[in-house]
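Single-letter residue listing:
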Amino acid sequence: ESGQVYRRVRDECMSRLDIAGWSGFTPTVILYPSGISRMVRNDEGIGSFHSETGAARFLELLAKIWPGVPSTEIARTFDPGGEARCAADAPTGISLARDVVVADDGIWRGNTTRELIQVAARAGARRILVVTLLNRLSGKEAANLEAQKVLRDTNTGEDIEVCYCLPMLFPVPYTSASNS
């Protein structure tokens, strides 16, 4: 039930903020990744394929936790090797203050969340709460991410605090075509 999911996500976010000592955390924006579009070849020829993420649905839950906070979609692109990557910078006109939420519907390797953290940092964030709905990392990988608590802004030399909130474990490890 969505009420139970909402309570689980809310309670875990509040617990993580409390553990981090982030009193008064008031995000000004929630950043999330777009779906993925790519060209595919099949029996019918070459065409485009678009895959939506579950992020839009997840944003509905986060909007209940932080009502009135706008969400901003960060476009994805593909690198020369064919891997999806988030755009390097936040969209023009986005004004980030001190606190930002980075949201994703799932984490498999951590690439997307790391890229979104960099977008938030370049846009001026000083505290970034990373919330992913489904965690498909191993326990060791999740612990390694959660141990990363500070980034250094290379332009200003200031510290940027990061807090990971991985509220739900999805016990199916990530696999790709290259390791199957």
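Read on for a plain summary of the structure. Not measured: the values here are computed from a predicted model.

About the thresholds
- Residues numbered from 1 in each chain as written.
- Predicted model: local features only at pLDDT ≥ 70, side-chain atom pairs only at ≥ 80, totals over all residues.
- Heavy atoms only, no water.
- Salt bridge = Lys/Arg side-chain N within 4 Å of Asp/Glu carboxyl O.
- Helix = DSSP H or I, 4+ residues; strand = E, 2+ residues; numbered from the N terminus.
- Buried < 20%, exposed > 50% of the residue type's maximum accessible area, 1.4 Å probe, protein only.
- Contact = heavy atoms within 4.5 Å.
- Core = buried A, V, L, I, M, F, W, Y, C linked by side-chain atoms within 4.5 Å.
- Phe/Tyr/Trp six-rings, centres within 6.5 Å; stacked < 30°, edge-to-face > 60°.
- Lys NZ or Arg CZ within 6 Å of the ring centre and 35° of its normal.

**A few points about the pattern of salt bridges**
- In the structure shown here, the tally under the stated rule is nine salt bridges.
- A salt bridge links Arg16 to Glu146, with the shortest nitrogen-to-oxygen separation between them at 2.9 Å. Of this pair, Arg16 sits in helix α1 (residues 2-20) while Glu146 sits in helix α4 (residues 139-147), and the two are 130 residues apart along the sequence.
- By relative accessible area, which is 21% here, Glu146 ends up partly exposed.
- Between Arg126 and Asp153 there is a salt bridge; the shortest N-O distance is 3.1 Å.

**A look at the side chain of Thr113**
- Assignment of secondary structure puts Thr113 in helix α3 (residues 111-122).
- Overall, Thr113 belongs to the buried group, its relative accessible area being 1%.
- Other than its neighbours up to four places away in sequence, Thr113 contacts Asp104, Ile107, Val130 and Thr132.

**A closer look at the nonpolar core**
- Among the nonpolar cores identified, the biggest contains 23 residues, and Val9, Phe58, Leu62, Trp66, Leu129 and Val131 are the most heavily contacted of them.
- Of all elements in the fold, only α1, β1 (30-33), α2 (55-65), β7 (99-107), β8 (127-135) and β10 (159-165) reach the threshold of two or more residues within this core.
- The element best represented in this core is α2, accounting for six residues.
- Counting residues in hydrophobic clusters, the runner-up holds 21 residues, among them Val29, Val130, Leu137 and Val162.

**Structural notes on the packing of aromatic side chains**
- Applying the stated criterion across every chain yields a total of two aromatic pairs.
- Relative to Phe25, the ring of Trp22 lies with its centre 5.5 Å away and its plane at 25°, an arrangement referred to as stacked.
- Look at Phe25 and you get buried, because its relative accessible area is 8%.
- Ring centres of Phe25 and Trp66 lie 6.2 Å apart, and the angle between their planes is 70°; this geometry places the pair in the edge-to-face category. Placement of the pair is Phe25 in the loop between α1 and β1 and Trp66 in the loop between α2 and β4 (71-74), with a sequence separation of 41 residues. Like Phe25, the residue Trp66 is buried in the burial classification.
- One aromatic cluster is present, formed by Trp22, Phe25 and Trp66 through successive ring pairs.
- Its end group placed over the ring of Tyr6, Lys64 keeps NZ or CZ at 5.6 Å from the ring centre.

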